[in-house]
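# Coordinate inspection notes
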Amino acid sequence: MVNQRDIVNRIADKTGLYKKDIKEMLLAFKEVMVDVIEEDESMFLKEIFTLKTITKKPRKRYIAPYGKTILEPEHKIVKILPGSRLTEIVRDNQNDTED
């Protein structure tokens, strides 16, 4: 798994920018993502992803270990949808492994 330090290093290698500046930018980006979700808005980063909240309708769920059915109330979740470029990369990698 690539962590924040790895991301900072990779961006620094690609851009020549200072790691300190990149780290500040990433922290600001994370804050913006949180703000977008708190404001119940969507975020679209072309070809990469769409980040949005969706409301899940109430539904019945069976809890097997207890043998009970419960009513799960309506609630919101965060959904991340891959963009076209990420989807292409995964498909290409999948096709490469099948050959």
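This text gives an overview of the structure that appears in the document. (Residues numbered from 1 in each chain as written. Predicted model: local features only at pLDDT ≥ 70, side-chain atom pairs only at ≥ 80, totals over all residues. Heavy atoms only, no water.)

## Thoughts on the packing of helix α1 (residues 4-15) against helix α2 (residues 19-38)
Interaxial distance between α1 and α2 falls to 9 Å at its minimum, and their mutual angle equals 125°. One finds that α1 runs oblique with respect to α2. Considering only the axes of α1 and α2, their crossing is right-handed. Judged by residue contacts, Gln4, Ile7, Val8, Asn9, Ile11, Ala12 and Thr15 of α1 engage Lys19, Ile22, Lys23, Leu26, Leu27 and Lys30 from α2. Split into classes, the residues belonging to the contact of α1 with α2 amount to seven nonpolar, three polar and three charged. (Axes fitted to C-alpha atoms, helices over the stretch in contact; angles between N-to-C directions. Helix = DSSP H or I, 4+ residues; strand = E, 2+ residues; numbered from the N terminus. Parallel < 35°, antiparallel > 145°, perpendicular 65-115°, else oblique. Left-handed = near helix turned anticlockwise from the far one by under 90°. Contact = heavy atoms within 4.5 Å. Nonpolar A, V, L, I, M, F, W, Y, C, P; charged D, E, K, R; others polar.)

## So, α1
Taking 1.5 Å per residue, 12 residues should reach 16 Å; α1 reaches 16 Å between its end C-alpha atoms and fits that length. One side-chain oxygen of the residue at the start of α1 lies 3.1 Å from the amide nitrogen of arginine 5, identifying that residue as asparagine 3. Glycine 16 sits one or two positions beyond α1 and adopts a positive phi of about 80°. (Expected span 1.5 Å × (residues − 1). Polar contact = N/O pair within 3.5 Å; in protein donor to acceptor, adjacent residues only side chain to side chain.)

## Things to note about the sheet that holds strand β2 (residues 49-56)
In sheet architecture, strand pairing relies on hydrogen bonds along the backbone and comes in two forms, parallel and antiparallel. Spatial strand order, β1-β2-β5: three strands in an open sheet with antiparallel pairing. Each edge of the open sheet is held by one strand with a lone partner, namely β1 (43-45) and β5 (75-82). Between one strand axis and the next, the sheet turns by 25° as a mean value, whatever way the strands run. Contacts between α2 and the sheet are confined to β1, β2 and β5, with β2 contributing the most and set at about 30° to the helix. (Pairing = 2+ DSSP bridges.)

## Focus on the layout of surface pockets
As a volume, the largest pocket reaches approximately 310 Å³. Around the largest pocket, the lining residues are Val2, Gln4, Ile7, Arg10, Ile11, Lys14, Leu26, Phe29, Lys30 and Met33. Of all the secondary structure elements, the ones that give two or more residues to the lining of the largest pocket are α1 and α2. Of the residues forming the lining of the largest pocket, the biggest block, five residues, is contributed by α1. Class assignment of the residues belonging to the lining of the largest pocket gives a composition of six nonpolar, one polar and three charged. (1 Å grid on protein atoms, 1.4 Å probe; cavity = no way out; pocket = protein on both sides within 12 Å on 5 of 7 lines; lining within 4 Å. Points joined across faces, edges and corners; volume = space filled by probe spheres on them.)

Spatial relationships are all this shows, so hold off on functional conclusions.
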